[in-house]
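# Commentary on secondary and tertiary structure
Chain residues, written in single-letter form:
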Amino acid sequence: MNMYAFAWIQIQMLVSHANRRTGRLVGDRGEGVISTAIAVLITAFLGAAMWVGFNTIWKGAESNITDQVNNIGNP
């Protein structure tokens, strides 16, 4: 067995022992995917809320603009 393989095995054994002592789960593979999914959902909800607010403001401004344009030239 070469030196690198032996060192890798020793490191894995130490990490495994430390994880058993602390009670941590060894696999953290899904953490990045879950965090990204949560960030995407938060961004989607913020975007939807911003769109509703923008649409409400635009409809109010549109009616005001229409009224003002129609009043141009009227005494």
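Residues numbered from 1 in each chain as written. Predicted model: local features only at pLDDT ≥ 70, side-chain atom pairs only at ≥ 80, totals over all residues. Heavy atoms only, no water.

### Here's the deal with the overall build of the protein
Within the protein, the secondary structure is distributed over two helices and zero strands. A buried classification covers 1% of the 75 residues belonging to the protein. Carbon and sulfur atoms make up 69% of the accessible area of the protein, which totals about 7100 Å². (Helix = DSSP H or I, 4+ residues; strand = E, 2+ residues; numbered from the N terminus. Buried < 20%, exposed > 50% of the residue type's maximum accessible area, 1.4 Å probe, protein only. Areas by Shrake-Rupley, 256 points an atom, 1.4 Å probe, with all protein chains shown as cover.)

### With respect to the packing of aromatic side chains
The final tally for this structure, using the stated rule, is two aromatic pairs. Residues W51 and F54 carry aromatic rings whose centres are separated by 5.6 Å and whose planes lie at 35° to one another, so their mutual orientation is tilted. Taken together, the positions of W51 and F54, both in helix α2 (residues 31–71) and three residues apart, correspond to about one turn of that helix. With 6.4 Å between their ring centres and 20° between their planes, F54 and W58 make a pair best called stacked. Of this pair, F54 and W58 both sit in helix α2, four residues apart, which is roughly one turn of that helix. (Phe/Tyr/Trp six-rings, centres within 6.5 Å; stacked < 30°, edge-to-face > 60°.)

### Notes on a nonpolar patch on the surface
Judged by side-chain polarity, I34, I38, I42 and L46 come together as a nonpolar surface patch covering roughly 390 Å² of accessible area. Among the secondary structure elements, I34 is positioned in helix α2. (Patch = residues over 30% accessible without salt bridge, like charges linked within 9 Å, V, L, I, M, F, W, Y side chains within 5 Å. Salt bridge = Lys/Arg side-chain N within 4 Å of Asp/Glu carboxyl O.)

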